[in-house]
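The chain contents come next:
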There are 2 protein chains.
Amino acid sequence: MQLDARKTAILRTVVEEHIKTGQPVGSRTVVRKYHLGLSPATVRNEMADLEEMGYLVQPHTSAGRIPSDRGYRVYVDELMEETKLSPEETRWIEEQLRSRVRDIVSLIRETARVVSEATNYLSLVLGPQLDTTSCQSVHLLRVGPERALVVITTETGFVESRLVDIPPMTDEDMNAFSHILTKNLAGRKMADLPGCLASMKDEVSRYGQVITTLMDFLTNALSEREERLYMGGQANILNQPEFRDSRKAGEVFSVLENEEAVDKLFDIPPGSPVSVLIGEENPLSGVRDCSLVRGTLRLGSALGKIGVLGPKRMDYARAVAIVRFVEEKVSDFFGGRSGW
Amino acid sequence: MQLDARKTAILRTVVEEHIKTGQPVGSRTVVRKYHLGLSPATVRNEMADLEEMGYLVQPHTSAGRIPSDRGYRVYVDELMEETKLSPEETRWIEEQLRSRVRDIVSLIRETARVVSEATNYLSLVLGPQLDTTSCQSVHLLRVGPERALVVITTETGFVESRLVDIPPMTDEDMNAFSHILTKNLAGRKMADLPGCLASMKDEVSRYGQVITTLMDFLTNALSEREERLYMGGQANILNQPEFRDSRKAGEVFSVLENEEAVDKLFDIPPGSPVSVLIGEENPLSGVRDCSLVRGTLRLGSALGKIGVLGPKRMDYARAVAIVRFVEEKVSDFFGGRSGW
DNA sequence: GTTAGCACTCGGCAAGGCGGAGTGCTAAGG
DNA sequence: CCTTAGCACTCCGCCTTGCCGAGTGCTAAC
């Protein structure tokens, strides 16, 4: 059986109506919304077909229908109309970002906040993976007689730093060492730094143990995956009727507390366009009742990720529109360097 | 009427039993738990007295009693016995901290995680206020022809940094400038830095606009209160029966999403001993159904704050014991510099 | 001062009844 | 052959009723 134009229209109506009301949708309602001279009986027959085809499900006999995951999938891929955000909304978002963003960390944090407020769902933002971004400079700063701070800046504007113990050395030595480090390491991927350091060992043998400490630090800094996940609007998920029972919500939060689990949700090729993960398509059981709209943030040369997590019954069109818009705005911040 | 020994014992029994079961406690139950030749009827009379005195309340006629806020208060202040953590637990906590902590930020983050896992409630950790800690060094690092990174380290081990535009200057100039900055600013409170910079203006006039940019940056960095709040175990609150209805939980999360609101909950004189905030004593309406056990973290010379947020029906003795223990361990990390 | 006994209150639960929404099927109509 | 009206049926949600159990307050006796 094929999805002809009428079935399609009915499916769309059911999905949109269910998204709006949260209730199962019956044939009468479809007829009321979808103005075309059709009787409920006809619609019933079509809906029975749609159920048989796996696009709709009945929570119980003699209730209306709700979309199955597959139904949502067709809706998202083919049926829904792209929404335009209203000028007020776009202005509000731009405003929020422009006025509050000072550096890359605040950009990420504010993005999470703004997206959650705009969508009324929970938003997730993942900062770029450190190991694939390039090192811009390495400095050694004295902060005590035998204590120094290693500061590594990345091309994306991130700053990683760590205190290390150093053997006594003069300030000149330290400057020279910084220069050598930067000269050798700038432009390399962060992941390659430990290797590069190892191969520098001879050249800088006079600085002795520092180089070993540095290698340790770098290896750690990379493997540790420093806090990369920012969330906004956690309370929003609790206001969704499907999570009225907080144990349901608890499952979701348990997943979100685990950063590696969240990474799995965003396992998409770098630079992918906006995509949607619906219900059971989800790799993590805790969020099988949720849908996730995923996008990519271009943070200069590096890539971050952004997601909107809501109930399966979420307003996909709007969420996608907001994610797209924010992707664009955040890139602009870098393209134009207008922010800082 | 006075709280004689018997009333006290009954009150303690009711509180502890209610904490354990979550149910209203009746006279029969009290008699069963509190072995002394007393009949339910006598206990009933005493409980009626306790209710009149404001220590207990009845959810409805002919239910058992539950403690009022005042009842919990007396319990916390006078009745509860200090709990000792088991050696396994203390070992586990120490282990967790030792093995995962690399720097001050990770110490704070891990503390939040460990405390939430140990208590099974939600934990909050506030990093130290920047403005009252002392500056240790200020450096200017070149990261491009006309771009530099200002790096300020504090005595607590925090590192603040920001990219700034600079006029063309030689590396020697930059080093000299860094030295001047550190010499003049080291040891000052962060809050005083903008003032100090202003008074340096003449001495460093040759560096022109940089100094203004720096002042901007510092003023911002201080006023912005960079992310200081870390949370752990958010899912725990959702598993509490009193928050079964997720709208209740939503109120709590709304408060916690607002960092300034959380600050209000921790409005205690610096260095105070562990204290408890119960239900309505709470300044924020969203968490009136919660209790908060608050403590202080000594992070070197600076002070952070730690809290355990649970239902009023929380295991106060245990929460207090854990907070005390963690306070101590975290201080040790600094005292002994054993961690890094 | 303590206790046993008793009447009373109230929440919670299960059973039963009812209305409404929605369905599937069938037969008639275009 | 598709569409539609009609009808019997199903099932949820809601309300009512009745009952049990837990717990209370009061009174009278010890």
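Residues numbered from 1 in each chain as written. Chains lettered and ligands numbered in written order. Predicted model: local features only at pLDDT ≥ 70, side-chain atom pairs only at ≥ 80, totals over all residues.

## Things to note about the sheet that holds strand β3 (residues 122–126) of chain B
Residue and element names in this part refer to chain B.
Here is step 1 of the chain: In spatial order, the strands read β7-β3-β10-β9-β8; together these five strands make up an open sheet with antiparallel pairing. Taken across any chain shown, the strands that pair with only one partner, and hence form the sheet edges, are β7 (229–232) and β8 (275–278). Going across the sheet, the axis of each strand differs from the next one's by a mean of 20°, ignoring polarity.
Here is step 2 of the chain: With four bridges connecting them, β3 and β7 associate as antiparallel partners. (Pairing = 2+ DSSP bridges. Helix = DSSP H or I, 4+ residues; strand = E, 2+ residues; numbered from the N terminus. Axes fitted to C-alpha atoms, helices over the stretch in contact; angles between N-to-C directions.)

## Some words on unusual backbone geometry
Here is step 1 of the chain: In this model, Ser62 of chain A sits at a positive phi of 60°, which is unusual for a non-glycine residue.
Here is step 2 of the chain: Since 6 C-beta atoms lie within 10 Å of it, Ser62 of chain A is described here as exposed.
Here is step 3 of the chain: The backbone of Asn120 of chain B sits at a positive phi, close to 65°, despite the residue not being glycine.
Here is step 4 of the chain: Position of Asn120 of chain B among the secondary structure elements: in the loop between α6 (104–119) and β3. (Buried ≥ 20, exposed ≤ 12 C-beta atoms within 10 Å, placed from the backbone.)

## Structural notes on the sheet that holds strand β5 (residues 147–154) of chain B
In any sheet, the strands associate via hydrogen bonds between backbone groups, in a parallel or an antiparallel arrangement.
Residue and element names in this part refer to chain B.
Here is step 1 of the chain: With respect to topology, three strands assemble into an open sheet ordered β4-β5-β6, the strand pairing being antiparallel. Strands with a single pairing partner mark the edges of an open sheet, and in this sheet they are β4 (135–144) and β6 (159–165). Across the sheet, the axes of successive neighbouring strands diverge by a mean angle of 20°, strand direction being ignored.
Here is step 2 of the chain: For β4 and β5, the ladder comprises eight bridges, and the chain directions are antiparallel. Pairing of Cys135 across the sheet is with Thr154, part of β5.

## Some remarks on the protein's contact with DNA strand D
Here is step 1 of the chain: Around DNA strand D, the surrounding shell holds 21 residues, and the nearest of these are Ser39, Thr42 and Ser62 of chain A together with Gly26 and Ser27 of chain B.
Here is step 2 of the chain: Counting only elements with at least two residues in the surface near DNA strand D, the list comes to α3 (40–52) of chain A together with α2 (27–33) and α3 (40–52) of chain B.
Here is step 3 of the chain: Taken together, the residues of the surface near DNA strand D break down into six nonpolar, twelve polar and three charged. (Near = placed C-beta within 6 Å. Nonpolar A, V, L, I, M, F, W, Y, C, P; charged D, E, K, R; others polar.)

## Brief notes about the interface of chain A and chain B
Here is step 1 of the chain: Contacts between the two partners involve 35 residues from chain A, matched on the other side by 35 residues from chain B.
Here is step 2 of the chain: Those elements that provide at least two residues to the side of chain A that touches chain B are β4 (135–144), β5 (147–154), β6 (159–165), α10 (234–238) and α11 (246–256) of chain A.
Here is step 3 of the chain: Sorting elements by how many residues they give to the side of chain A that touches chain B places α11 of chain A first, with six residues.
Here is step 4 of the chain: Residues belonging to the side of chain A that touches chain B are distributed by class as follows: twelve nonpolar, 13 polar and ten charged. (Contact = placed C-beta atoms within 7 Å.)

## Quick word on the protein's contact with DNA strand C
Here is step 1 of the chain: Around DNA strand C, 21 residues are found, and the nearest of them are Gly26 and Ser27 of chain A together with Ser39, Thr42 and Ser62 of chain B.
Here is step 2 of the chain: Only α2 (27–33) and α3 of chain A together with α3 of chain B provide two or more residues apiece to the surface near DNA strand C.
Here is step 3 of the chain: For the surface near DNA strand C, the leading source of residues is α3 of chain A, giving four residues.
Here is step 4 of the chain: Of the residues belonging to the surface near DNA strand C, the class tally is six nonpolar, twelve polar and three charged.

## Structural notes on the packing of helix α5 (residues 87–100) of chain B against α6 of chain B
Residue and element names in this part refer to chain B.
Here is step 1 of the chain: One way to put it is that α5 packs onto α6 with a least axis distance of 9 Å and a crossing angle of 155°. The orientation of α5 relative to α6 falls into the category roughly antiparallel. Handedness of the α5/α6 crossing: right-handed. Here Glu89, Ile93, Gln96, Leu97 and Arg100 of α5 lie close against α6, whose contacting residues are Ser106, Glu110, Val114 and Ala118.
Here is step 2 of the chain: Residue classes in the contact of α5 with α6 are distributed as four nonpolar, two polar and three charged. (Parallel < 35°, antiparallel > 145°, perpendicular 65-115°, else oblique. Left-handed = near helix turned anticlockwise from the far one by under 90°.)

## Section: the domain arrangement of chain A
All names here are of chain A.
Here is step 1 of the chain: According to the domain assignment, chain A contains domain 1 (5–79), domain 2 (87–129 + 228–335) and domain 3 (131–223).
Here is step 2 of the chain: Taking the mean C-alpha position of each, domain 2 and domain 3 sit 34 Å from one another.
Here is step 3 of the chain: The interface is formed by eight residues belonging to domain 2 together with seven residues belonging to domain 3.
Here is step 4 of the chain: Tallied by class, the residues present in the side of domain 2 that touches domain 3 amount to four nonpolar, three polar and one charged. (Domains from an automatic or database assignment.)

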